[in-house]
Amino acid sequence: MSEETKLPDQEPQEAPQEEQKDAEQAAEAAAAQEPEKAPKAKKKKEKGYTFTREQVEQMELAVKQLDSVKDQFVRLTAEYDNYRKRTAKEKETIYQDAQLDTIKAFLPVYDNLERAAAAEGGEDDPHKKGLEMIFHQYQEILSKLGVTEIPALGETFDPEKHNAVMHIDDEAYGESVVAQVFQAGFEMNGKVIRHAIVQVAN
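So, how was this worked out
- Residues numbered from 1 in each chain as written.
- Predicted model: local features only at pLDDT ≥ 70, side-chain atom pairs only at ≥ 80, totals over all residues.
- Heavy atoms only, no water.
- Helix = DSSP H or I, 4+ residues; strand = E, 2+ residues; numbered from the N terminus.
- Contact = heavy atoms within 4.5 Å.
- Areas by Shrake-Rupley, 256 points an atom, 1.4 Å probe, with all protein chains shown as cover.
- Salt bridge = Lys/Arg side-chain N within 4 Å of Asp/Glu carboxyl O.
- Buried < 20%, exposed > 50% of the residue type's maximum accessible area, 1.4 Å probe, protein only.
- Patch = residues over 30% accessible without salt bridge, like charges linked within 9 Å, V, L, I, M, F, W, Y side chains within 5 Å.
- Phe/Tyr/Trp six-rings, centres within 6.5 Å; stacked < 30°, edge-to-face > 60°.
- Expected span 1.5 Å × (residues − 1).
- Arc of directions from axis to C-beta.
- Polar contact = N/O pair within 3.5 Å; in protein donor to acceptor, adjacent residues only side chain to side chain.
- Core = buried A, V, L, I, M, F, W, Y, C linked by side-chain atoms within 4.5 Å.
- Pairing = 2+ DSSP bridges.
- Axes fitted to C-alpha atoms, helices over the stretch in contact; angles between N-to-C directions.

A.B. asks: Quick rundown of the overall build of the protein? Include the residues and the values.
C.D. replies: If you tally the helices and strands in the protein, you get three helices and six strands. When its helices and strands are written in sequence order, the protein yields α-α-α-β-β-β-β-β-β. Sequence separation of 24 or more characterises 62% of the internal contacts of the protein that already satisfy a separation of 6 or more. Summed over its atoms, the accessible surface of the protein is roughly 17100 Å², and 53% of this surface lies on carbon and sulfur atoms.

A.B. asks: Run through the pattern of salt bridges, naming residues and quoting values.
C.D. replies: Using the criterion set out here, one finds eight salt bridges in the structure. Note that Glu57 and Arg53 form a salt bridge whose closest N and O atoms lie 3.8 Å from each other. Placement of both Glu57 and Arg53 in helix H2 (residues 53-118) is noted, with a separation of four residues, approximately one turn of the helix. Its relative accessible area of 43% is what places Glu57 among the partly exposed residues. We classify Arg53 as exposed; its relative accessible area is 71%. Through salt bridges with shared partners, one network takes in Asp81, Arg84 and Lys85.

A.B. asks: Which residues make up a nonpolar patch on the surface, and what values do they have?
C.D. replies: Taken together, the side chains of Tyr49, Phe51, Val56 and Met59 make up a nonpolar region of the molecular surface, amounting to roughly 450 Å² of accessible area. When you line up the elements, Phe51 lands in the loop between helix H1 (3-33) and H2.

A.B. asks: Tell me what's going on with the packing of aromatic side chains, and back it up with residues and numbers.
C.D. replies: Pairs of aromatic rings are described using the distance from one ring centre to the other and the angle between the two planes. As enumerated under the stated definition, the model contains three aromatic pairs in all. Here Tyr110 and Phe135 contribute two aromatic rings whose centre-to-centre distance is 5.1 Å and whose plane-to-plane angle is 50 degrees, an arrangement assigned as tilted. In this pair, Tyr110 is assigned in helix H2 and Phe135 in helix H3 (residues 126-144), connecting sequence segments 25 residues apart. For Tyr110, a relative accessible area of 2% translates into the label buried. The buried category is assigned to Phe135, whose relative accessible area is 8%.

A.B. asks: An account of H3 is requested, with residue identities and associated values reported.
C.D. replies: The end-to-end C-alpha distance of H3 is 27 Å, a good match for the 27 Å that 19 residues give at a rise of 1.5 Å each. Of all the residues in H3, the buried ones are Lys128, Phe135, Tyr138 and Leu142. Within H3, the buried residues cover an arc of 85 degrees as seen down the axis, which keeps them to one side. The exposed set on the far side of H3, more than 90 degrees from its buried face, consists of Pro126, Met133 and Lys144. Where H3 is buried, its residues meet H2 and strand S1 (147-149). One or two residues past the end of H3 sits Gly146, with phi positive at roughly 90 degrees.

A.B. asks: Kindly report on the side chain of Arg194, identifying the contributing residues and their values.
C.D. replies: Position of Arg194 among the secondary structure elements: in strand S5 (residues 191-194). Of the polar contacts made by the side chain of Arg194, one reaches the backbone oxygen of Ala184; its length is 2.7 Å.

A.B. asks: I'd like to hear about unusual backbone geometry, residue by residue, with values.
C.D. replies: Located in the positive-phi region is Asn189, a residue other than glycine, with phi close to 55 degrees. When you line up the elements, Asn189 lands in the loop between strand S4 (186-188) and S5. The exposed category is assigned to Asn189, whose relative accessible area is 63%.

A.B. asks: Outline the nonpolar core, listing residues and values.
C.D. replies: Ile103, Tyr110, Leu142, Val147, Phe186, Met188 and Ile193 are the most contacted members of the largest nonpolar core, which has 14 residues in total. Broken down by secondary-structure element, the contributors of at least two residues to this core are H2, H3 and S4. With six residues, H2 is the largest single contributor of residues to this core. In contact with Ile103, other than residues within four places in its own chain, are Leu142, Leu145, Val147, Met188 and Ile193. Core analysis: the second largest hydrophobic core is formed by five residues, Val178, Ala196, Val198 and Val200 among them.

A.B. asks: Before we move on, can you summarise the sheet that holds S5 with the specific residues and values?
C.D. replies: The strand order S1-S4-S5 describes an open sheet built from three strands, whose pairing is antiparallel. Of all strands in the sheet, those with a lone pairing partner are S1 and S5, marking the two edges. Strand-to-strand twist in this sheet, taken as the mean axis angle between neighbours without regard to direction, amounts to 35 degrees. Across three bridges, the pairing between S1 and S4 is antiparallel. Note on S4: the bridge partner recorded for Val147 is Met188. Its contacts with the sheet put H2 on S1, S4 and S5, and the angle it makes with S5 is roughly 40 degrees.

Shape is all these values report; function is a separate question.
As structure tokens, then:
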């Protein structure tokens, strides 16, 4: 065999190998380019749910029970709030009543000190001065506690604050005017501790 006849036999064997390499390279290039392309988002189909009649009835019953529990909770909350306010008010009232009762028990001491300070005696008398100082101190304590004397002399008679034990006819006074005070009355925060004992004119 000559060389010319051998060459055509060898070339067909090498050609398929080159084509195979070219095909592999093209596939690699295509694979490299594919990730760069953003995949198209597929729309998810919404799943539908179907319920039996029993399930629907159970759900309706659960909703009614939830509404009932909510209503009970709202009522219970309102009741507790009212109870808390009522209890706080009762505590405050109990404290004020106890305070008023305590002050009322000390008012006879006030009366005695007032009489002693008003008794006759020299200005230089140390006993009279001492009593006056104690009486003024007592008045200051009552004032700090919010206790005030009820205005009476020359005021129009008020049965809510005054207790009339005597009545006189005197043209110098108007009708139902307090002419004399026998015992001072006191009030605290608008509440009467002791009524003023008075004499009313006309």
